[in-house]
Structures are given as C-alpha cells and as structure tokens.
Amino acid sequence: MQYDVVIIGSGPGGYVAAIRAAQLGLKTALVEKYKSLGGTCLNVGCIPSKALLDSSEHYHNAEKNFEQHGIILKSIVADLARMVERKNEVVSQTVSGIEFLMKKNKIDVLHGIGSFKDPHNIVVTDDEGKTTELSTKKTIIATGSKPITPAAFNYDKKRVITSTEALQISKLPKKMVVIGGGVIGLELGSVFARLGTEVVVVEYLERIIAGMDVDCSRELTKSLKKLGMTFHLSHMVTKVQSSKTNVAIEVQKRDSDETFELKADYCLVAIGRRPFTDGLDLDKAGVKLDEKGRVIVDESCLTSHADIYAIGDVIRGAMLAHKAEEEGILVVEQIAGQKPHINYNLIPGVVYTWPEVASVGYTEDTLKEKGVEYKVGKFPYKALGRARASMDIDGMVKILADKKTDEVLGVHIVGARAADMISEAVVAMEFRASAEDIARMSHAHPTYTEAIKEAALMATENRALHI
Ligand code: FAD
Ligand code: NAI
C-alpha cells in the first residue's frame, strides 16, 4: 500500500497528526503496537490519572469538608476497586472515541510493531508475527516514552512500581514511598494520600516541582503537607529492595554519607521518563539519536532524514500531551505545504494536585538568569470572595511583567481551577498583552479569575482592589 504519511505511534502526538493529515487530504496510516489506541496519555497517563484524581478528591471532600458545608454523612467508604473500575471505563470510552475518529477520517489503522525497512518502507509486525509492508512518502515517529527505572531500584511491577502499575492498585496501601517530587509523584501521591495512605516523597532537589516557579513549589508544599504527605527534600534513593509483602528503600542525604531506610507497602518510581525508540530500526532509515536517546530534530521536527519527522515525548522538550499534539499538527501542515509555527515558551504546564498548579512563560529564576528586569504582581486566593464561598482558599496568582514595557512574561497559578484559568494567560501572552491590558479587562464576579486581574493590577501599579 502506498501512503503519503505513515505515523508510528497512536498517542496524542500520533493520532492528532493522523486526523490533521486526513483533513488535509493526505493518504494516511497509523501504526500502533498495542491493541488500544491513544498511547500513554489515554491508557496509562493523563486520562486515567485524572479519573483517579477526581474520585479521590470527591472522597477527600466528603470526608474532610462536607460537614462544614452542612452535609452530614453517616458513613463514608473509599472503594478503591470501584474507583479503578470507573477509571478503566473512562479509558475505554476515550479510546473508543479515537477508534471512531480514525474511521470517520478514513485513516488506515494497523496494529503491530512498526520498524523501518528503509527510509520509505515500514514493516508492521503483529502479535502473531505476520508482517505488512507500507510504502510511504513521509513518516512521523511518535513512539513516546517509558518510565525510567534504574537497575538499583529493582523494578518488579509488584511492590516496586511505576505510574502504570499504580493506576491499577485496587486495595488501599498503608504506606507508599514515592521517589521523585515531580508531576507524577505528586499527582499519584495525592490520590493515595487523600484516600488515607501514608505517603512519603523523596526528592533529590531542594524543592518539589523544581521546573516551575519557586512560589508554586512553596505553595504546593504547604498544601500537600496539610494533606498529610511528608517530604525528604535534598535526598536521593540509592537502592530499593522488595520482598513479597513490602519494600525497603535506602535513602541518602545529598552531599553527605548519611543514609536511612524507609519501609513501605509500595515504592512508586517517578523520576522521569525516557524516549522510546526500541524496535524501530532507526539505523536503517538514517535517523540519529542524541546522548539522552531522543530522536534528533530541527525546529521543524525534521530528523536527520529529509522525509522523516519525529514529535512528542520521543524528541527534545517537555513531555506533555498538548506539546505532542501541536508538533503533530506542525509537521503535517508542513508536509501539506503550509508554514505553521509553535511558540514553545507559551506551552502551559499543569500539575493536577489540589490545589492545581499551572504555569506559562518564564519563571522568576529564568528571568534573573537572563538578566531581564521585571515586576511581580501577586494576589492570594484567600482574598477572593469566590474562594471563600467554596472554601478553596489555598494558593495565589503571580504575574511577571517586563519592568519597562509591562509585557506579561510569565503567569504562575496555584489554586482551585488553575488548570483551566491558565488559558487566559496563554491567550494574553500570545497577543503580547501588558499586565495593564489584563487589569483593564472585565473579569466576571465572583470567579477565581478575578485573582488574575488583581495580580495584573499589582504588577502594573501595585494597586490590587481587595488586599
Ligand atoms: P505516547 O502517548 O507515549 O504514545 C506513543 C505510542 O507509540 C504508544 O501507544 C506506543 O505503544 C506506540 N509505539 C511505540 N513504539 C512503537 C512501534 N515501534 N510501533 C508501533 N507503535 C509504537 N501530559 C499532559 O499534558 N497532561 C497530563 O495530565 C499528563 N498526565 C500524565 C500522567 C501520567 C501518569 C503519565 C505517565 C504521563 C502523563 N502526561 C501528561 C504525559 C503524556 O502522557 C505524554 O506527554 C504524551 O502521552 C506523549 O505523547 P506521544 O504521542 O509523544 O507518545
Ligand atoms: P519529573 O521529571 O517531573 O520529576 C522527577 C523528579 O525525580 C525530579 O524532581 C528529580 O529531581 C527527581 N529524582 C530523580 N532521581 C531521583 C532519585 N534517585 N531520588 C530522588 N529523586 C529523584 O518526572 P515524572 O514525575 O516521572 O514525570 C515524567 C513526565 O511525565 C514529566 O516530564 C511530565 O511532563 C509528564 N507528566 C505530566 C503530567 C501533567 O502534565 N500533569 C502528569 C504526569 C506526568
């Protein structure tokens, strides 16, 4: 079969690229090694983790907050098995939605491992070893990533687990040690902490979510401590050993010989993900990898071969579903002769803890490093009527603006609904708004978004209205 585009990998990068390619009239095939479409994001990432985050948050509110709202429950039980079942239902509905979209757009879907025979021929090998050969003008590698599991951690998928297994635990553990205070560790750590598990996080750096603005780390640490999570910051795990019923974790203080041992029912390894290129036979296509195993691409996502592109987690940059999607669209529109672009600085990052954390643009530390002169406007959630009405008073909005021009350079939010609110900042920054522009726009009352307006007023003229 001759195709205009063959896409290897059906995650958010791959399947979105396939839809856009079909919309542009390109004959398109999508190759996926698993039976289920959607990649990490739909099957073992974004969607299932958010399903469990929502269920556990409902439980937590029922247990801790309903009484203050005047809702008295006689008994309340966290049925983790049912939560996991519901999560699986959400995943399967979402995955079948992708199958529908592939059919609707007349995209050929092939299940099997895709590998290069040469730069213009892809061999797909299914579970039974049957092979199909696809001839193509262009190929997009969208094979995603896998969790990093160092040998010393003895990853056994039973007691020493990654996010993939954590999403399937159906009996509530008493204690869980999480290695890594990054996005996965904190999101999944909060799921279990809300349900009653003792969660201990060991983080190598001096703060959690270290890639985000320092105020976000500070605010989130306070909230997660209130939830009962404990943190060993500036500590690293050097060894993990499991038995049938529990797991021992050796922890070392950074820059010191001091060590101690933690014991738990589970150890969740969440220290980052590695690009996944196994089985692709990239050497047959002349596609090169960098020292971290990522497919090397230029600013157009073109690899070292002129007809092969790569997108998403398998290349440089943030490992985010929406970043993969944008790259999929960028590549296909280029193939169709258009001239799209991505502003990587304006790809938002969100952590779906409660309060949520959401960020776009530069952090304060980056502006300092770059020597940019800036102003800061902050506004606390507790000063919002909306936040007091819902009792979600933890958090703040922080706006960084250029000292001379007032252009918004970064927006960092910790608080209820931050994940949805960050879009206002993305739109403003895409249109190169000043802090005053935001401050002069009407924000509905009472909403959490008023905190953005107030932070903008602080950044512009230090004149918030409600503090
Ligand atoms: P993937 O989604 O990893 O898809 C790659 C696909 O390629 C897989 O289906 C794989 O089976 C297939 N494949 C690999 N090799 C071959 C081959 N040789 N032949 C055929 N098929 C192959 N990001 C967010 O933006 N928001 C979130 O809330 C979020 N939550 C997350 C929660 C968790 C627990 C995890 C683990 C990740 C989360 N992410 C989130 C990250 C997000 O899932 C990834 O950034 C995203 O899935 C990357 O998309 P992708 O298309 O590059 O690759
Ligand atoms: P991460 O990179 O976010 O965090 C890993 C943390 O582990 C780092 O803070 C690092 O300092 C620490 N670490 C590394 N080795 C250690 C050791 N030996 N001992 C103690 N700490 C150690 O990686 P994570 O959380 O695994 O997530 C992987 C990717 O998945 C992220 O890049 C993220 O973009 C994506 N993701 C996105 C989500 C979202 O957008 N909401 C949700 C979940 C994942």
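Please read these numbers as outputs of a predicted model, since none were measured by experiment.

1. A few points about helix H8 (residues 321–335)
A turn of α-helix holds 3.6 residues, and therefore any two residues three or four places apart point the same way. For H8, which comprises 15 residues, the first-to-last C-alpha distance of 21 Å matches the rise-based estimate of 21 Å (1.5 Å per residue) to within 8%. Every buried residue of H8 is accounted for by Ala321, Lys323, Ala324, Glu327, Gly328, Leu330, Val331, Val332 and Glu333. Each element contacted by the buried residues of H8 is listed here: helix H1 (12–23), helix H2 (39–44), helix H3 (46–64), strand E6 (131–141) and strand E17 (308–310). Immediately beyond the C-terminal end of H8, within one or two residues, lies Gly337, with a positive phi of roughly 95 degrees.

2. Observations regarding the sheet that holds strand E15 (residues 266–269)
Working definition: the strands of a sheet are paired by backbone hydrogen bonds and lie parallel or antiparallel to each other. Read from one edge of the open sheet, five strands run E8-E15-E9-E10-E11, paired in parallel fashion. A single partner strand is all that each edge strand has here, and the edge strands are strand E8 (160–161) and strand E11 (230–232). Each of strand E9 (175–179), strand E10 (198–202), E11 and E15 touches helix H6 (residues 183–195); the most contacted strand, E10, lies at about 160 degrees to it.

3. With respect to the pattern of salt bridges
As enumerated under the stated definition, the model contains 32 salt bridges in all. The partner of Asp215 in a salt bridge is Lys398, and the shortest N-O contact between them spans 2.7 Å. Within this pair, whereas Asp215 is found in helix H7 (residues 214–226), its partner Lys398 is found in strand E21 (residues 396–402), the two being separated by 183 residues in sequence. Accessibility assignment for this pair places Asp215 and Lys398 in one class, buried.

4. Comments concerning the packing of aromatic side chains
The final tally for this structure, using the stated rule, is one aromatic pair. When the ring centre of Phe276 is taken as reference, the NZ or CZ atom of Lys146 above it lies at 5.0 Å. Against the face of Tyr204 rests Arg254, its NZ or CZ located 4.9 Å from the ring centre.

5. Points about the domain arrangement of the protein
For the protein, the domain assignment lists domain 1 (2–147 + 274–344), domain 2 (151–271) and domain 3 (355–461). Facing four residues of domain 1, the contacting portion of domain 3 comprises four residues. Of the roughly 280 Å² buried between domain 1 and domain 3, counting both surfaces, carbon and sulfur atoms make up 58%. Interface area lost by domain 1 to domain 3 is led by Gln68, His69 and Asn343, which between them contribute 86%. Linking domain 1 to domain 3 there are zero salt bridges. If you look at where domain 1 meets domain 3, you find zero residue pairs in polar contact (both at pLDDT 80 or more). Residues that form the side of domain 1 that touches domain 3 fall into these classes: no nonpolar, four polar and no charged.

6. Some details on the site of ligand 2
In the neighbourhood of ligand 2, 22 residues make up the surrounding shell, with Glu187, Glu203, Gly272, Met319 and Val350 lying closest. Its free accessible area being 850 Å², ligand 2 has 77% of it covered by the protein chains. At the level of secondary structure, the elements contributing two or more residues to the shell around ligand 2 comprise H6 and strand E12 (235–242). When its residues are assigned to classes, the shell around ligand 2 shows 15 nonpolar, four polar and three charged.

7. Quick word on the environment of Pro446
Relative to the elements of secondary structure, Pro446 occurs in the loop between helix H12 (435–439) and helix H13 (450–461). With 431 residues separating them in the primary sequence, Pro446 and Tyr15 have C-alpha atoms 39 Å apart.

8. Focus on a nonpolar patch on the surface
A cluster of nonpolar residues, Ile71, Leu73 and Ile76, forms a patch on the protein surface that exposes about 220 Å² of accessible area. Judged by relative accessible area, Leu73 falls into the partly exposed class, the value being 42%.

9. Some thoughts on H7
Taking 1.5 Å as the rise per residue, H7 with 13 residues should run 18 Å; its terminal C-alpha atoms sit 19 Å apart, in good agreement. Of the residues making up H7, those classed as buried are Asp215, Cys216, Ser217, Glu219, Leu220, Thr221, Ser223 and Leu224. Backbone geometry just after H7 places Gly228 at a positive phi near 110 degrees.

Each value, and the rule that gives it
- Residues numbered from 1 in each chain as written.
- Chains lettered and ligands numbered in written order.
- Predicted model: local features only at pLDDT ≥ 70, side-chain atom pairs only at ≥ 80, totals over all residues.
- Heavy atoms only, no water.
- Helix = DSSP H or I, 4+ residues; strand = E, 2+ residues; numbered from the N terminus.
- Expected span 1.5 Å × (residues − 1).
- Buried < 20%, exposed > 50% of the residue type's maximum accessible area, 1.4 Å probe, protein only.
- Contact = heavy atoms within 4.5 Å.
- Pairing = 2+ DSSP bridges.
- Axes fitted to C-alpha atoms, helices over the stretch in contact; angles between N-to-C directions.
- Salt bridge = Lys/Arg side-chain N within 4 Å of Asp/Glu carboxyl O.
- Phe/Tyr/Trp six-rings, centres within 6.5 Å; stacked < 30°, edge-to-face > 60°.
- Lys NZ or Arg CZ within 6 Å of the ring centre and 35° of its normal.
- Domains from an automatic or database assignment.
- Buried area = accessible area lost by both parts, 1.4 Å probe.
- Polar contact = N/O pair within 3.5 Å; in protein donor to acceptor, adjacent residues only side chain to side chain.
- Nonpolar A, V, L, I, M, F, W, Y, C, P; charged D, E, K, R; others polar.
- Near = heavy atom within 4 Å.
- Areas by Shrake-Rupley, 256 points an atom, 1.4 Å probe, with all protein chains shown as cover.
- Patch = residues over 30% accessible without salt bridge, like charges linked within 9 Å, V, L, I, M, F, W, Y side chains within 5 Å.

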